[in-house]
Amino acid sequence: MDTRWLSPFVRRLALREWMVLFVGLLLMAATLGWQNGLGRLDQSIYDFFLSFNDEQARDDIIIVAIDDYSLSQLGRWPWRRNIHADLLKRLNHANPRAIGLDVILSEAESSNRANHNEGDDAKLSTALKQNDRTVLPVVMSSVGHGLTANMPIPELAQAAHALGHIDLEHDSDGVVRSVFLREGQDNRWWPHFAAALLATGNREDMSATKFPQIEHPDGPDDWQRGDQIHIPFQGGIGHFQSVPYVSVLRGEVPDEFFTDKYVLVGATALGMADSYPTPVSGSSGAMPGIEINAHVLASLLNGKRIMIAPQWKNALFNIMPVLMVLLGYLLLSPRMSLLATGGWLVMTLIGSYIGLSMGVWLAPSAAIIVLILSYPLWSWRRLEAAITYLGQEFIRLDQEPHLLPEETSTVRFDDMADVLEQRITAMERAARRVRDLRQFVSDSLDSLPDATLITTVEGRVLLVNKHAADYYRTVGFDDVSGMCIYHLLLHLNTPQPLRQTINTPFEWAELLDIKYTETFADGISIQDHKGRDLLVKSGPCYSAANQLIGWIVNIIDISTIRAAERSRDETLRFLSHDMRAPQASILALLELQSEESSALPLQELFARIEKASRKTLGLADNFVQLARAESHEYRLEEVDFHDLLFDAADEIWSLAKSKHIVVQVEGADGDYPVHVDRTLMTRALTNLLSNAINYSPEHTNIVCTVWAEIRNDHLHVVCSIRDHGYGISPADQVKLFRRFQHVETPGRTRHDGVGLGLVFVKTVVERHQGAIECTSQIGEGTTFTLALPCCQPD
């Protein structure tokens, strides 16, 4: 099956799912962000951020608190207004910047006290006029037919420097977060209590202040409001400096403490204070209204206020992190996408906090909700697409021709009604086939006759067969999986490409380079540290999409082939020289005989032809015997080694007699059974004895000794053949068992031979799992010792 279309299909499927989420989530973020806040969630975030705002309290704002201590000293509330007049007189001596008397004075003294003094209102009015810097509160109240302004009594209102409303804006959760700097009714406006204090402190004439008319009132009924600000609370309850009302009244606080400062007089005692929950109240409870007004005044003095961002800005703020996260989903891995989602979520909160600290509230809950939903949605859609695709591919894979035999199942997908069960069954079959195919590949790899390694494109070994593992175990690598193939090849000698046309230096990296595939198609011939001839070949491995995914490296032991090649070359030299020379001599004699002047006597002619023919016959016989010794057809039988030695001695008896040499056979009594090919082993002993006779002077002895000994934990029959001949030099001993090698003894007659006799002996002995060695000294003789495994009794 052509699978080149799979990747584009998967990409199109993922892109389609991403586009749907991209459009949907951006629209969701924009819609929610346009609402400029999602109620309690954004309010909680707002309060949480604002709770971190802990600035140092301004030292020019003082609260004169009507607290529990003052109530205990001056009696229960309400107090007579002459007490307030005395307080204002006391404060007037201190020359404060402005005084805010947050006490409701909407009714005359005579109407709210049984034991009244009609001069109390006059005293307070006189004190207000003398002070000329006091602000009195205006309260918004409901009288059943709508809202109305509850003013101080006219006498006091006219005496006060300014009036200011003390209305606070309560959000849906009941928390006070903002105020309107101006409120009014019937085109009559009052500034906020704190704004009136600020104007009084700046010596502005509030009576001359004109406010523009608002066509569409923000308040209930016909009550009008404007210039809303969110209060940047600087701290919690008790943030500003506060002194008890009674302490100021008694003169216990020095006048300098109030000089050129804003003094706010109001209730803080439990049970009588107009307290409200605020973002910074926390677990401390509600904050007294006088403290809230102090915070508003501080924000006006500092020039700081919190404004709600326009709808389009808030929507844009919530869209940006969602946009970046969605782009990350398309470009990043799932893990990095999750990290990016968390990162942008944190950055959104940080951005909202920074905006709040700069005086602009950007509600982040829309982005947070969409970001929290985006990753599960994207993961769900990706997982759904992956499951759909894998299910289709498993079913398609099951319908393809099977490469390996398997049990025939009577259950077909068409017989199943449940789609999930179909896909699970298809996945099980596909997984089983993959495992079977992997086992097949592993078994096939192990069945290869040569060491084979499978590597990645970079050269990291993935798979090795048992021959490769065994080979590298001999050179010191117990486990080559995961290793670099270049490191494994460095223990080999300098490689030589088989093609002689390649003259440039070779690097192992070229073996796994696609550019040199044709150049080194015949392989690289090398030797390892043990002298074994090896051929290293490599071939590229491609995927179904025709992409290079790895390399197959073969290490072939060609030592036998190289030995055969050397043997072939030696045989050709033997045939072209040793076998050809006697025949050429016979032809030369016949040519000479045709000329009367050069003709030899017939007896001499026949003798020379006989000698050349016998030499040729001997060479051919030795060659044939060696070929048989190297063959695999040995006819083994159990014989006594003494019998073999006696048979060989009988064969060379005539040769020994001609040189007056005595062959002695010694050994302990008993049997020495060996399992050998009798003919070949007898011939090998004969060659050793004939060599001893040929390389020994006349009238000497050759001693053959047989005994048994333990070698390598096994019983062996050992035989030594010692002569008293000329001896062999150490240089010649090295080449004794090589083909076509002759041992020359200076001053001695050269014996005819082609140098195959001892090669034949060594071959026969080693084929019988034996060993042969030689010791010799010049002038003292030579000893050949051979050992053969002894037959164990049943």
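Cut-off values and rules
Residues numbered from 1 in each chain as written. Predicted model: local features only at pLDDT ≥ 70, side-chain atom pairs only at ≥ 80, totals over all residues. Heavy atoms only, no water. Axes fitted to C-alpha atoms, helices over the stretch in contact; angles between N-to-C directions. Helix = DSSP H or I, 4+ residues; strand = E, 2+ residues; numbered from the N terminus. Parallel < 35°, antiparallel > 145°, perpendicular 65-115°, else oblique. Left-handed = near helix turned anticlockwise from the far one by under 90°. Contact = heavy atoms within 4.5 Å. Nonpolar A, V, L, I, M, F, W, Y, C, P; charged D, E, K, R; others polar. Phe/Tyr/Trp six-rings, centres within 6.5 Å; stacked < 30°, edge-to-face > 60°. Buried < 20%, exposed > 50% of the residue type's maximum accessible area, 1.4 Å probe, protein only. Lys NZ or Arg CZ within 6 Å of the ring centre and 35° of its normal. pLDDT = per-residue confidence, 0-100. Patch = residues over 30% accessible without salt bridge, like charges linked within 9 Å, V, L, I, M, F, W, Y side chains within 5 Å. Areas by Shrake-Rupley, 256 points an atom, 1.4 Å probe, with all protein chains shown as cover. Salt bridge = Lys/Arg side-chain N within 4 Å of Asp/Glu carboxyl O.

**A few points about the packing of helix α11 (residues 311-331) against helix α12 (residues 334-357)**
Stage number 1. Relative to each other, α11 and α12 sit at 165 degrees, their axes nearing to 9 Å. By the angle between their directions, the pair α11 and α12 is classed as roughly antiparallel. Handedness of the α11/α12 crossing: right-handed. In this structure, α11 contributes Phe317, Pro321, Met324, Val325, Gly328 and Tyr329 to the contact, and α12 contributes Ser337, Ala340, Thr341, Trp344, Thr348, Gly351 and Ser352.
Stage number 2. Grouping the amino acids of the contact of α11 with α12 by side-chain chemistry returns 7 nonpolar, 6 polar and no charged.

**As for the side chain of Glu169**
Stage number 1. Secondary-structure assignment places Glu169 in strand β6 (residues 169-170).
Stage number 2. Ignoring anything within four residues of it in the chain, the contact list for Glu169 reads Val175, Val176, Arg177, Ser178, Phe180, Arg225 and Gln228.

**Some remarks on the packing of aromatic side chains**
Stage number 1. On inspection of all chains with the given rule, the structure shows 13 aromatic pairs.
Stage number 2. With 5.1 Å between their ring centres and 85 degrees between their planes, Tyr46 and Trp361 make a pair best called edge-to-face. In this pair, Tyr46 is assigned in helix α2 (residues 40-50) and Trp361 in strand β15 (residues 360-361), connecting sequence segments 315 residues apart.
Stage number 3. When its relative accessible area of 2% is taken as the criterion, Tyr46 is described as buried.
Stage number 4. Under the relative-accessibility criterion, Trp361 is labelled buried at 6%.
Stage number 5. Look at Phe49 and Tyr353: their rings are 5.4 Å apart centre to centre, the planes differ by 75 degrees, and that puts the pair in the edge-to-face class. Of the two residues, Phe49 sits in helix α2 while Tyr353 sits in helix α12, which places them 304 residues apart along the sequence.
Stage number 6. In this structure Phe49 comes out as buried when scored by relative accessible area, which is 8%.
Stage number 7. Here Tyr353 falls in the partly exposed class, since its relative accessible area comes to 33%.
Stage number 8. Taking NZ or CZ as reference, Arg182 lies 5.0 Å from the ring centre of Trp189, over its face.
Stage number 9. Lying over the aromatic face of Phe257, Lys261 brings its terminal NZ or CZ to 5.0 Å of the ring centre.

**Things to note about the confidence of the model for the protein**
Should the pLDDT be low somewhere, the predicted coordinates at that spot are not to be read in detail.
Stage number 1. In this model, the protein carries an average pLDDT of 81, and 83% of its residues clear a pLDDT of 70 or more.
Stage number 2. Per-residue pLDDT stays below 50 along residues 207-217; that stretch engages in 12 contacts with residues further than four places along the chain or on separate chains.

**Regarding a nonpolar patch on the surface**
Stage number 1. A grouping of Leu15, Met19, Val23, Leu27, Leu330, Leu331, Leu332, Met336 and Leu339 is seen on the molecular surface, where their side chains present a nonpolar patch of about 840 Å² in accessible area.
Stage number 2. Looking at the nonpolar patch, the elements with two or more residues in it are α1 (6-34), α11 and α12.
Stage number 3. Of all the elements, α1 adds the most residues to the nonpolar patch, at 4 residues.
Stage number 4. Classification of Met336 as partly exposed rests on a relative accessible area of 42%.

**Remarks on the packing of α2 against α12**
Stage number 1. Put simply, α2 and α12 touch, their axes get as near as 10 Å, and they point 65 degrees apart. The way α2 lies across α12 gives a crossing that is right-handed. Contact with α2, carried on its side by Ile45, Tyr46, Phe49 and Leu50, involves Leu349, Ser352, Tyr353 and Leu356 of α12 and no other residues of that element.
Stage number 2. Split by residue class, the contact of α2 with α12 holds 7 nonpolar, 1 polar and no charged.

**A look at the pattern of salt bridges**
Stage number 1. With the rule as written, the count across this model stands at 15 salt bridges.
Stage number 2. Across the pair Asp171 and Arg177 runs a salt bridge, and its minimum N-O distance is 2.8 Å.
Stage number 3. Owing to a relative accessible area of 2%, Arg177 belongs among the buried residues under this scheme.
Stage number 4. One salt bridge connects Arg678 with Asp647, and the closest N-O pair in it is separated by 2.9 Å. Residue Arg678 is located in helix α22 (residues 678-694), and its partner Asp647 is located in helix α20 (residues 641-651); the two are separated by 31 residues in the primary sequence.
Stage number 5. Given a relative accessible area of 30%, Arg678 falls into the partly exposed group.

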